[in-house]
Amino acid sequence: MLTRVYNGIKRRVSGPHDERLPLHGHEPGAFDFPEVNRMSDEELSRLNELLPWSSWVVDANGRRFGNRYTANKRNNAETIPDHRITGLHQRYDLTDKSVLEIGCFEGNHTAALCSLAESVVGIDSRIEHVVKTLVRCSMAGLYPRVHCVDVEQEIPDAVDLTCDVMHHVGVLYHLEKPVEHLRRYTALVGEALMLDTHVAPEDVEIRQDEGVRYWHFDEHGRDNPFAGMYGHAKWIVLEDLVGLLKELGFADVDVAEQRAERSGPRVLIYANR
Ligand SMILES: C[S@@+](CC[C@H](N)C(=O)[O-])C[C@H]1O[C@@H](n2cnc3c(N)ncnc32)[C@H](O)[C@@H]1O
């Protein structure tokens with residue numbers, strides 16, 4: 001077992017993929033992956049080895065599709081759809097909506113969104129995540145558009161990222177310039193934004209930049225599949241984040257959940273024009 005220090009806290013971490021879960025014997029998932037269901041054990045094992053999976057789901061035969069990251073992270077099978085997506089659909093009825101998903105990772109949310117919305121575009125800065133998202137969704141018979149895009153850079157001209165609804169989960173607190181990012185990317189949104197992010201804890205040193213108060217957080221770098229792409233991230237003070245969203249044209253900003261997670265305080269925000 002390796003030990004690493006993150007933000008002054010010593011954590012035990014096992015290396016990715018060094019503790020594989022068994023292929024068989026899991027509780028079948030509620031979400032259907034028909035292409036996996038009909039695959040032989042050998043082909044599914046090859047698919048699981050082929051890509052650097054850091055999350056997993058279960059097919060109708062109780063078999064693992066994907067892999068956990070470590071025994072401490074993404075150890076349990078993903079629940080599809082995630083309850084936040086169910087809430088998003090209840091609020092904004094995605095049936096005739098286009099959705100842009102920021103940081104699509106391995107396509108678990110992407111597949112759920114595809115099953116509800118008219119169209120879905122996923123973007124992620126890591127090309128391996130783009131590939132895994134395409135594979136995960138196609139195994140469910142779903143075909144989103146997925147692009148390799150770094151959301152801290154200019155929006156590329158070549159791809160249309162405009163949307164009715166933006167799904168933004170687990171990414172903002174990994175960004176070095178979250179305000180610049182939100183200014184650019186919320187301009188693409190016609191109706192609503194679902195934002196799930198860590199915010200600054202109360203008992204930390206607070207700095208100020210880009211017009212907001214934030215906590216400086218050291219990032220883990222390109223090789224960590226969950227991390228931001230740059231040296232540090234800013235965890236914005238909740239009050240300033242809500243104010244920023246209002247300034248960016250969201251008339252209604254609802255902080256629907258405030259959770260005390262192991263890594264720090266986290267919120268779920270639904271905001272609409
Ligand atoms: C913590 S994971 C969250 C994944 C997924 N949204 C979820 O909720 O399970 C962060 C994701 O954001 C992506 N990401 C990090 N920095 C990014 C950037 N600058 N541009 C685009 N994607 C980024 C990572 O590659 C990763 O897929």
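Residues numbered from 1 in each chain as written. Predicted model: local features only at pLDDT ≥ 70, side-chain atom pairs only at ≥ 80, totals over all residues.

Side note on the overall build of the protein
The helix and strand inventory of the protein stands at seven helices and 14 strands. Radius of gyration (C-alpha) of the protein: 19 Å, near the 19 Å computed for a compact globule of 273 residues. Seen along its three principal axes, the alpha-carbon backbone of the protein occupies a region of about 55 × 45 × 35 Å. Across the 273 residues of the protein, 37% fall into the buried class. Restricting to contacts in the protein with at least 6 residues of sequence separation, those with at least 24 account for 61%. (Helix = DSSP H or I, 4+ residues; strand = E, 2+ residues; numbered from the N terminus. Rg over C-alpha atoms; globule rule 2.2 N^0.38 Å. Buried ≥ 20, exposed ≤ 12 C-beta atoms within 10 Å, placed from the backbone. Contact = placed C-beta atoms within 7 Å.)

Focus: unusual backbone geometry
For the bond from Ile-80 to Pro-81, the omega torsion is 0 degrees, close enough to zero to count as cis. For Arg-74, which is not a glycine, the phi torsion comes out positive at approximately 55 degrees. Position of Arg-74 relative to the elements: it lies in the loop between β4 (64–66) and α3 (83–92). Taking the number of C-beta atoms within 10 Å as the measure of exposure, Arg-74 has 22 and is therefore buried.

Focus: helix α4 (residues 108–116)
Burial runs high along α4: seven of the nine residues are buried. Every buried residue of α4 is listed here: Asn-108, His-109, Thr-110, Ala-111, Ala-112, Leu-113 and Cys-114. In the core, the buried residues of α4 are packed alongside β3 (56–58), α3, β5 (98–102), β6 (119–124), α5 (127–139) and β8 (163–169).

Remarks on the site of the ligand
Surveying the vicinity of the ligand reveals 17 residues, the closest of which are Gly-103, Phe-105, Ser-125, Val-151 and Gly-170. The residue inventory of the shell around the ligand, partitioned by class, reads six nonpolar, seven polar and four charged. (Near = placed C-beta within 6 Å. Nonpolar A, V, L, I, M, F, W, Y, C, P; charged D, E, K, R; others polar.)

Structural notes on the domain arrangement of the protein
Along its sequence, the protein is organised into domain 1 (2–66) and domain 2 (83–272). For domain 1 and domain 2, the distance between their C-alpha centres works out to 24 Å. Between domain 1 and domain 2, the contact holds 15 residues from the first and 14 residues from the second. Listed by contribution, the elements that provide at least two residues to the side of domain 1 that touches domain 2 are α1 (34–37) and β4. For the side of domain 1 that touches domain 2, the element with the highest residue contribution is α1, accounting for three residues. (Domains from an automatic or database assignment.)

Thoughts on the nonpolar core
In terms of nonpolar packing, the biggest core is built from 62 residues, with Val-99, Cys-163, Leu-193 and Trp-235 touching the most fellow members. The two domains that each donate at least three residues to this core are domain 1 (2–66) and domain 2 (83–272). The contacts of Cys-163, once residues within four sequence positions are left out, are Ser-98, Val-99, Leu-100, Val-121, Leu-188, Val-189 and Gly-190. (Core = buried A, V, L, I, M, F, W, Y, C linked by C-beta atoms within 7 Å.)

Here's the deal with the packing of α4 against α5
Two quantities define a packed helix pair, namely the angle between the helix axes and the distance between the axes. Running from N to C, α4 and α5 point in directions that differ by 45 degrees, and their axes come no closer than 9 Å. In terms of orientation, α4 lies oblique with respect to α5. The handedness of the crossing between α4 and α5 comes out as right-handed. Contact residues: Asn-108, Thr-110, Ala-111 and Cys-114 in α4; Thr-133, Arg-136 and Cys-137 in α5. Taken together, the residues of the contact of α4 with α5 sort by class into three nonpolar, three polar and one charged. (Axes fitted to C-alpha atoms, helices over the stretch in contact; angles between N-to-C directions. Parallel < 35°, antiparallel > 145°, perpendicular 65-115°, else oblique. Left-handed = near helix turned anticlockwise from the far one by under 90°.)

Overview of the environment of Ser-40
Within the secondary structure layout, Ser-40 lies in the loop between α1 and α2 (41–50). Spatially, the C-alpha atoms of Ser-40 and Ala-271 are 44 Å apart, while their sequence positions differ by 231 residues.

What to know about the sheet that holds β8
Taken together, seven strands build an open sheet; the order of strands is β7-β6-β5-β8-β9-β14-β13 and the sheet is mixed. At either end of the open sheet lies a strand with only one pairing partner, and these are β7 (145–148) and β13 (252–261). Between one strand axis and the next, the sheet turns through 15 degrees on average, direction left out of account. In this sheet, β8 lies alongside β5 in parallel orientation, the contact comprising four bridges. (Pairing = 2+ DSSP bridges.)

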